[in-house]
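Chain by chain, the residues run as shown.
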Amino acid sequence: MSQSPPKSAPKAVYVKSYGCQMNVYDSQRMADVMGAEGYREVATPEEADLILLNTCHIRERAAEKVYSELGRMRVLKEEAKAAGRDVLVGVAGCVAQAEGEEIVRRARVVDLVVGPQSYHRLPDLVARAAQKPGVVDTEFPAEDKFTKLPTATAASTRSRGLTAFVTVQEGCDKFCTFCVVPYTRGAEVSRPVAQVLAEVEKLAAAGVREITLLGQNVNAYHGVGPEGKEWTLARLLYRLAEVPGIARLRYTTSHPRELGEDLIAAHRDLAALMPYLHLPVQSGSDAVLKRMNRKHGRDEYFRLVDRIREAQPDIALTSDFIVGFPGETDADFADTLDLVRRVGFASAYTFAYSARPGTPGAEMDGHLPEPLKTSRLHELQALVAGQQRDFQESLVGRTVDVLFEKPGRKPGQVVGRSPHLLPVQVIGPSSLVGSIVPVRITATKTNSLDGVLVGDDHMMSVHAAE
Ligand code: SAM
Ligand code: SF4
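Just so it is clear, the model here is predicted, and its values are computed rather than measured.

S.K.: What's the story with the overall build of the chain in this structure? I'm lost.
M.R.: From N to C terminus, the chain includes 17 helices and 19 strands. Here the C-alpha coordinates of the chain stretch approximately 65 × 65 × 50 Å along the principal axes. Expressed as a percentage of the 466 residues in the chain, the buried residues total 53%. The long-range fraction of contacts in the chain, counting pairs at least 24 apart against all pairs at least 6 apart in sequence, stands at 71%.

What follows is the structure in structure tokens.
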């Protein structure tokens, strides 16, 4: 019989996040919900009494990663047992939702499986798993998990830094034919304005200065406002910009079909809204977009890009691409390369199509051989890498506002983020952490920028010499 540690013993939880930013947010909320039960969050699985893997199911490789990690967890659990300590292992997130009981059958090390809509029930599931391993909860419960979840304490918010994610919309009704999200995250739901506002106010009171609003289709946000009417994402952003302490706002991920006029205008008029837009297009071929059920064509995407650049010429545009979707011809792929050249991205995530069980794409004719997908992926990645370099080089000599977040790796260094979300390092005092300061960009590295503090050259040379 499994022995739980005595009630009075301090317990520890380790949550490992895979995949998207929403999983990062969910992992924090899982740590918060167990925190309210007396668990402290730890940074390594070796220290933990409860290990939660918050998984991603978007591509086959992401899902398979979980099983290799569970192999490691089995060894760890056995070692703890030999030392007289019981460890519980849980699988959460989208693999949990998609595979449910199959996980427990395939990996005996797993004590509990919890889907993304049920993690507010974790304390109960953990207690049950301690008595009898193999607990599975992948329901889409009627109750709203957000109303049941405790918010982070000020101390844990501070330990997570000056920037925070806040999920405002979850699930998806778009059913792109390659994607598992509508099945693993369920139907599209927006959180009410008052709930989001309360969470942001609490984060701000604990010192957070930058908020990224999250949703699978965040720009389809339509949460109910205090007066009972639905608010758009733009309206929510304007309201959040008024929260004392909040200096910067971002949002991700957007769907081209939902990019409303008011959101585009907010990029022109709302100073707190950073000039950065992640707008996945997936392919540059109309034929492929149609088979993907994206509900927009390439020209529509070009028009959107023009409108957004007209409103905010300084915007950094990023995107997601899938190459090798079933039936993609050389000409279709050439259209994708052409779209990339015409738009000019600051960066992009590029993926080889991965057939996901249960999605319409998996059943389509014309699946491409892996080597062809790989060679197209490499060609696209080379093009995107060149654009990323060009974008970063275009910033050299410019002065940008940097929100400093932490000391750098080298002595005397502090690092922060530019409005375009690029890491920027300068030599400067650690007292800069928490402030937004103008920095002149002097050089670009692979994924970051070097800079000097503006108007502080004397101080800079003193610190550089230290
Ligand atoms: N909701 C967003 C959208 O509409 O683009 C993003 C959702 S998904 C979490 C993130 C990215 O994973 C997608 O934009 C797509 O490029 C990629 N992706 C999704 N399913 C995939 C699959 N079956 N194979 C390869 N990449 C995939
Ligand atoms: Fe997946 Fe498409 Fe929904 Fe994005 S919009 S989450 S890619 S189904």
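S.K.: It is not clear to me how the site of ligand 1 should be interpreted in this structure. Could you clarify?
M.R.: Taken together, 16 residues lie around ligand 1, and F178, Q216, Q282, D320 and S354 are the ones closest in. Between ligand 1 and the protein, one listed contact pairs an oxygen atom with a side-chain N or O atom of Q282 at 2.7 Å. Between ligand 1 and S354, the relevant distance is 2.8 Å, taken from a nitrogen atom to a main-chain nitrogen or oxygen of the residue. Summarising the interface, the protein chains cover 90% of the accessible area of ligand 1, which totals 560 Å² for the free molecule. The set of elements that each furnish at least two residues to the shell around ligand 1 consists of β13 (316-323) and β14 (347-352).

S.K.: Is there a simple way to explain the sheet that holds strand β7 (residues 163-167) in this structure?
M.R.: Backbone-to-backbone hydrogen bonds join strands into a sheet, with any given pair of strands oriented parallel or antiparallel. Pairing is parallel across the open sheet formed by three strands, whose spatial order is β7-β10-β11. Both outer strands of the open sheet, β7 and β11 (248-252), are each paired with one neighbouring strand and no more. Averaged over all neighbouring strand pairs, the angle between strand axes comes to 20°, with direction disregarded. Pairing geometry for strand β10 (residues 210-214) and β11, over five bridges, is parallel. In the sheet register, I211 faces β11, and the bridge partner there is L249. Packed on one face of the sheet, helix α1 (residues 21-35) meets β7, β10 and β11 and runs near 95° to β7. Seen against the sheet, helix α9 (residues 193-205) touches β7 and β10 and runs at an angle of roughly 165° to β7.

S.K.: In this structure, what is going on with the state of the cysteines? I would like to understand it.
M.R.: Disulfide: a covalent bond connecting the sulfur atoms of a pair of cysteines. One pass over the structure, following the stated rule, counts zero disulfides. Cysteine C20 remains unbridged, with the sulfur of C56 as its closest cysteine sulfur at 6.4 Å.

S.K.: Can you walk me through unusual backbone geometry in this structure?
M.R.: Most peptide bonds adopt trans geometry, and most residues besides glycine take a negative phi value. Cis rather than trans, the peptide bond between T252 and T253 has omega equal to 5°. Take T253: it is sitting in the loop between β11 and α11 (261-269). Within the chain, K295 stands out as a residue other than glycine whose phi angle is a positive 65°. By secondary structure assignment, the location of K295 is in the loop between α12 (286-291) and α13 (298-311). Notably, L421 is not glycine yet its phi reads approximately 75°, a positive angle.

S.K.: Explain the pairing of strand β16 (residues 413-417) here, please?
M.R.: Residues in a regular strand point their side chains to alternate faces of the sheet. Counting buried positions along β16 yields four of five residues, so the element is predominantly enclosed. Pairing of strand β15 (residues 399-407) with β16, which is carried by four bridges, proceeds in the antiparallel orientation. Residue pairing for β16: K406 is matched across the bridge by V415. In textbook terms, the turn of a hairpin is the stretch between consecutive antiparallel strands, and for β15 and β16 this stretch comprises five residues, one of which, G412, has a positive phi near 85°. The turn linking β16 back onto strand β17 (residues 423-427) is made up of five residues, and L421 within it adopts a positive phi angle of 75°.

S.K.: Would you explain the site of ligand 2 in this entry?
M.R.: Residues in close proximity to ligand 2 include C172, K174, F175, C176, F178, C179, V181, P182, N217, H255 and R294, which together make up its full environment. For the shell around ligand 2, the per-class residue count stands at seven nonpolar, two polar and two charged.

S.K.: Looking at this structure, how should I read the nonpolar core?
M.R.: Residues I211, L213, L233, L236, L237 and Y251 are the most contacted members of the largest nonpolar core, which totals 55 residues. Apart from residues lying up to four places away in sequence, Y251 is in contact with T212, L213, V218, L233, L237, L259, L263, H267, L273 and L277. Counting 27 residues, the second-largest nonpolar core is a separate cluster that includes I51, A62, Y67 and V104.

S.K.: Would you mind showing me how to read the packing of α11 against α13 here?
M.R.: Any two packed helices are characterised by how steeply their axes cross, that is the angle between the axes, and by the distance between the axes. Across the interface, α11 lies against α13 with an axial gap of 7 Å and an inter-helix angle of 35°. Along its contact with α11, which presents E261, I264, H267 and R268, the element α13 presents L304, R307, I308 and A311. Taken together, the residues that form the contact of α11 with α13 break down as four nonpolar, one polar and three charged.

S.K.: When you look at the sheet that holds strand β19 (residues 449-453) in this model, what are you seeing that I'm missing?
M.R.: Around the barrel, which closes on itself, the five strands sit in the order β15-β16-β17-β19-β18 with mixed pairing between neighbours. Averaged over neighbouring strand pairs, the angle between their axes works out to 55° when direction is ignored. As paired strands, β15 and strand β18 (residues 436-444) are joined by five bridges and run antiparallel to one another. Note that in β18 the partner of T399 across the bridge is R440.

S.K.: Explain the side chain of T55 here, please?
M.R.: Here T55 shows up in strand β3 (residues 50-55). Accessibility expressed as a relative area gives 0% for T55, which makes it buried. With sequence-adjacent residues up to four places away left out, T55 is seen in contact with Y18, N23, V66, V91, A92, G93, C94, V95 and A96.

S.K.: Hey, could you run me through the pairing of β18 in this one?
M.R.: In this sheet, β19 lies alongside β18 in antiparallel orientation, the contact comprising five bridges. Bridging across to β19, A443 finds its partner in D450.

S.K.: How should the packing of aromatic side chains be read in this particular structure?
M.R.: Aromatic ring pairs are reported here in terms of the distance separating the ring centres and the angle at which the planes meet. Taken as a whole and assessed by the stated rule, the structure comprises four aromatic pairs. Summarising the aromatic geometry, the rings of F321 and F345 are spaced 5.6 Å apart at their centres and angled 80° between planes, so their arrangement reads as edge-to-face. One end of the pair, F321, is in strand β13; the other, F345, is in the loop between α14 (330-343) and β14, with 24 residues separating them in the sequence. Owing to a relative accessible area of 0%, F321 belongs among the buried residues under this scheme. Relative accessible area serves as the criterion here: at 3%, F345 is assigned to the buried category. For the ring pair F325 and Y353, a centre distance of 5.2 Å and an interplane angle of 75° mean the geometry is edge-to-face. In this pair, F325 sits in the loop between β13 and α14 while Y353 sits in the loop between β14 and α15 (360-363), placing the two residues 28 residues apart along the sequence. Taken individually, F325 and Y353 each receive the classification buried, so the pair is uniform in this respect. The structure contains a cluster of three or more aromatic residues connected by ring pairs, namely F178, F325 and Y353.

Cut-offs and rules
Think of each chain on its own: its residues are numbered from 1, step by step along the sequence as written. Here chains are named by letter from A upward and ligands by number from 1 upward, in the order in which they appear as written. A pLDDT threshold of at least 70 governs which residues receive local features in this predicted model, and a stricter bar of 80 or more applies before side-chain atom pairs are shown or counted, although totals over entire chains, interfaces and linings include all residues. Think of the side-chain values as coming from all heavy atoms in the structure, minus any hydrogens and water. Each helix is a run of DSSP H or I of at least 4 residues and each strand a run of E of at least 2, with the numbering of both proceeding from the N terminus. The buried label goes to any residue with under 20% of its type's maximum accessible area, the exposed label to any with over 50%, and the partly exposed label to all in between, with areas taken from a 1.4 Å probe on protein chains only. Whether two residues are in contact is decided by their heavy atoms, any of which lying within 4.5 Å being enough. Being near a molecule or strand, for a residue, comes down to having at least one heavy atom within 4 Å of it. Polar contacts here mean pairs of N or O atoms no more than 3.5 Å apart (in protein, one a potential hydrogen donor and the other a potential acceptor; neighbouring residues in sequence count only if both atoms are side-chain atoms). Computed with the Shrake-Rupley method and a 1.4 Å probe, the accessible areas treat only the protein chains shown as cover for residues. Two strands form a pair only when DSSP identifies at least two bridges running between them. A fitted line through C-alpha atoms serves as each axis, taken over the contacting stretch for helices, and the angle formed by two N-to-C directions is quoted from 0 to 180°. By disulfide we mean two sulfur atoms from cysteines, separated by a distance within 2.5 Å. Residues are grouped as follows: Ala, Val, Leu, Ile, Met, Phe, Trp, Tyr, Cys and Pro are nonpolar; Asp, Glu, Lys and Arg are charged; every other residue, Gly included, is polar. Take the buried Ala, Val, Leu, Ile, Met, Phe, Trp, Tyr and Cys residues and link them wherever side-chain atoms come within 4.5 Å; each set so joined is a nonpolar core. Pairing of aromatic side chains requires ring centres within 6.5 Å, counting the rings of Phe and Tyr and the six-membered ring of Trp. Pairs whose planes differ by under 30 degrees are stacked, by over 60 edge-to-face, and all others tilted.

Interpretation note: all reported values are geometric properties and have no functional meaning in isolation.
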